[in-house]
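Architecture at a glance
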Amino acid sequence: MENISKVWLGPLPADSPYVKPFRMYYVQNGKEKNWDLLKVHDSVAIILYNTSSKKLVLVRQFRPAVYHGIITSEQGNFDNVDLKAFPPSLGVTLELCAGIVDKSKSWQEIAREEVLEECGYDVALERIEEVMVYRSGVGSSGAKQAMYYCEVTEADRATVGGGVEDEIIDVVELPLDEARRMIQKGAHNNSPPSCLMGLMWFFANKAPANV
Ligand SMILES: O=c1ccn([C@@H]2O[C@H](COP(=O)(O)OP(=O)(O)O[C@H]3O[C@H](CO)[C@@H](O)[C@H](O)[C@H]3O)[C@@H](O)[C@H]2O)c(=O)[nH]1
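Residues numbered from 1 in each chain as written. Predicted model: local features only at pLDDT ≥ 70, side-chain atom pairs only at ≥ 80, totals over all residues. Heavy atoms only, no water.

Some details on the overall build of the protein chain
A count of helical and extended segments in the protein chain gives 4 helices and 9 strands. Compactness check: the protein chain gives a C-alpha radius of gyration of 19 Å against a globular reference of 17 Å for 211 residues, within 12% of the reference. For the protein chain, the spread of C-alpha atoms along the principal axes amounts to about 55 × 50 × 35 Å. Taken over 211 residues, the protein chain has a buried fraction of 34%. (Helix = DSSP H or I, 4+ residues; strand = E, 2+ residues; numbered from the N terminus. Rg over C-alpha atoms; globule rule 2.2 N^0.38 Å. Buried < 20%, exposed > 50% of the residue type's maximum accessible area, 1.4 Å probe, protein only.)

Some words on the packing of aromatic side chains
Considering all chains together, one arrives at 5 aromatic pairs under this definition. Ring plane angle 50° and centroid distance 4.9 Å describe the contact between Tyr49 and Phe202, whose orientation is recorded as tilted. Of this pair, Tyr49 sits in strand 3 (residues 43-50) while Phe202 is found in helix 4 (residues 193-205), placing the two residues 153 residues apart along the sequence. Using a relative accessible area of 4% as the deciding quantity, one classes Tyr49 as buried. Aromatic pair Phe202 and Phe203: ring centres 5.4 Å apart, planes at 75°, arrangement edge-to-face. (Phe/Tyr/Trp six-rings, centres within 6.5 Å; stacked < 30°, edge-to-face > 60°.)

Considerations on the site of the ligand
Around the ligand, the neighbouring residues are Tyr18, Ser43, Arg63, Glu95, Ala98, Gly99, Ile100, Gln145, Glu167 and Ser194. One nitrogen or oxygen atom from the main chain of Ala98 is found 3.4 Å from an oxygen atom belonging to the ligand. Ser194 is positioned such that a nitrogen or oxygen atom in its side chain is 3.1 Å from an oxygen atom of the ligand. Within the complex, 58% of the 690 Å² of free accessible area of the ligand lies under protein. Looking at which element gives the most residues to the shell around the ligand, the answer is strand 6 (residues 97-100), with 3 residues. (Near = heavy atom within 4 Å. Polar contact = N/O pair within 3.5 Å; in protein donor to acceptor, adjacent residues only side chain to side chain. Areas by Shrake-Rupley, 256 points an atom, 1.4 Å probe, with all protein chains shown as cover.)

So this is what it looks like as structure tokens:
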């Protein structure tokens, strides 16, 4: 899926629409302190369960930040990457369907659109149930993410999904026993904490007893 042929790094342009770095200053207990942080978009993530197939619907995609993190954990900072030593498949993740909040629509509507764009299911707004809201990246961004739950059936399928514009996203139907293994033994597929937490919430609150 990733088909990546060259990787290199450059400085962050000041007009990045996705990441803005700051140094925040504050006085605590009478002492001046500072913290280096990033402003990034808030986001939504959706736990999708297909009740026809009795499988969870997740997405696979190449994540540059994960790939970068894997390489730097292994060998420190880099300029160019040896793609043989670090195949880009290392940076592929298995995640909940998700989207950034970058338009003036309700968060639930943005979640509804992501379910359609990424996974191909066209569902009414009322079927998207809020699960919880939390802050991620507490040391770096403190970005807000709202998690939702939505049940879909084959009747809701409108497209094959896969994202919009340049996005390259694979839709994955995950059997419940595999999902259970991910939260019992740890995931080997770079799944972020939000995905693992979403799976745990699903098993604690929604999973059918007999599957
Ligand atoms: O430098 C960038 C960053 C984003 N995008 C595009 O912006 C969109 C969304 O970006 P991304 O940050 O990957 O959003 P999500 O996939 O919605 O990821 C959200 O949901 C994830 C899973 O919960 C969280 O890990 C992320 O922090 C949170 O942004 C996609 O079309 C990307 O292609 C770029 O083109 N360039």
